[in-house]
Amino acid sequence: AVNKTSQSRLKMVVIPRGCDESTRFVVMPGQRVPYGWLCPFEGDRGRAVDILVKGKKMVVEDVRRTMREVSRNLGISVSITREGLETLLVLEDLPEWEDVMKGSGSLFQLDIKLSQLGISLIQEKPLDMQPKSELMFLYFELIRVKFMMCGSDVQNLAVSITE
């Protein structure tokens, strides 16, 4: 769990479900704290966590799935993301462009997730009727494209491709 907020007193409390009540991981701003379960595959709640930020409870049912939840009144977001081989639970400040969005009310968001993508570039058929040949083949795994437009002038484009 990572706390990337700039608010000096904003701590995140991570409570893995299925553990006893005393199992809590407190993550202060700027800290990175590993968390987990003694028996992660027991029961149906073995991958769920409760997150407390300023008394507000957020629930993540499965920490293996990427997600993002925004709390506009706190000015923060909680997300599950991949970084290399790690899955991170991240608390961070809302970006400026998303903070501007509070008053506008209009939002267009396009989120595309692909597990695999292959692109093949084929040479056009030459005049002497030779068979077509492949010039290049590109293969990508785990691609995410996110486009957001707020009002008429604020836009954000994010592209993520795993290694």
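Engineer: Residues and numbers for the overall build of the protein chain, please.
Structural biologist: Within the protein chain, the secondary structure is distributed over one helix and eleven strands. For the protein chain, the succession of helices and strands along the chain, N to C, is β-β-β-β-β-β-β-β-α-β-β-β. Of all 163 residues assigned to the protein chain, the portion counted as buried reaches 28%. Intrachain contacts of the protein chain at a sequence separation of at least 6 include 42% that bridge at least 24 residues.

Engineer: How would you explain the nonpolar core if you had to name every residue and give the values?
Structural biologist: Soluble globular proteins: nonpolar side chains tend toward being buried together. By size, the foremost hydrophobic cluster in this structure holds 18 residues, and its most contacted members are Met12, Val49, Ile51, Val53, Ile76, Val78 and Leu89. Of all the secondary-structure elements, those providing two or more residues to this core are β2 (12-16), β4 (49-53), β5 (56-60), β7 (76-83) and β8 (86-93). In contact with isoleucine 51, other than residues within four places in its own chain, are Met12, Val13, Lys56, Lys57, Met58, Val60, Val78 and Leu89.

Engineer: Describe the sheet that holds β2, naming the residues involved and giving the relevant values.
Structural biologist: Spatially, the four strands line up as an open sheet ordered β3-β2-β4-β5, and their pairing is antiparallel. The open sheet has two edge strands, β3 (25-27) and β5, and neither has a second partner. Sheet twist, expressed as the mean angle between neighbouring strand axes with direction ignored, is 25°. Note that β2 and β4 share four bridges and pair antiparallel. Bridging from a neighbouring strand, valine 14 pairs with isoleucine 51 of β4.

Engineer: Kindly report on the environment of threonine 81, identifying the contributing residues and their values.
Structural biologist: By secondary structure assignment, the location of threonine 81 is in strand β7. Through-space distance from the C-alpha of threonine 81 to that of valine 63 is 9.2 Å; in sequence the pair is 18 residues apart. Excluding residues that lie within four positions of it along the chain, threonine 81 makes contacts with Glu86, Thr87, Leu88 and Val90.

Engineer: Give me the lowdown on the pattern of salt bridges, citing residues and values where you can.
Structural biologist: This structure, assessed with the given rule, holds two salt bridges. With a closest N to O distance of 3.7 Å, aspartate 50 and lysine 57 form a salt bridge. Residue classification places aspartate 50 among the buried residues on the basis of a relative accessible area of 10%. The partner of aspartate 111 in a salt bridge is arginine 144, with the nearest N and O atoms 3.0 Å apart. Residue aspartate 111 is found in strand β9 (residues 107-122), and its partner arginine 144 is found in strand β10 (residues 134-150); the two are separated by 33 residues along the sequence.

Engineer: Hey, could you go over the environment of arginine 24 for me, with residue numbers and the actual values?
Structural biologist: You can see arginine 24 is positioned in the loop between β2 and β3. Setting aside residues no more than four positions away along its own chain, arginine 24 makes contact with Val13, Val14, Ile15 and Leu52.

What counts as what
- Residues numbered from 1 in each chain as written.
- Predicted model: local features only at pLDDT ≥ 70, side-chain atom pairs only at ≥ 80, totals over all residues.
- Heavy atoms only, no water.
- Helix = DSSP H or I, 4+ residues; strand = E, 2+ residues; numbered from the N terminus.
- Buried < 20%, exposed > 50% of the residue type's maximum accessible area, 1.4 Å probe, protein only.
- Contact = heavy atoms within 4.5 Å.
- Core = buried A, V, L, I, M, F, W, Y, C linked by side-chain atoms within 4.5 Å.
- Pairing = 2+ DSSP bridges.
- Axes fitted to C-alpha atoms, helices over the stretch in contact; angles between N-to-C directions.
- Salt bridge = Lys/Arg side-chain N within 4 Å of Asp/Glu carboxyl O.

As far as function goes, none of this settles anything; it's purely spatial.
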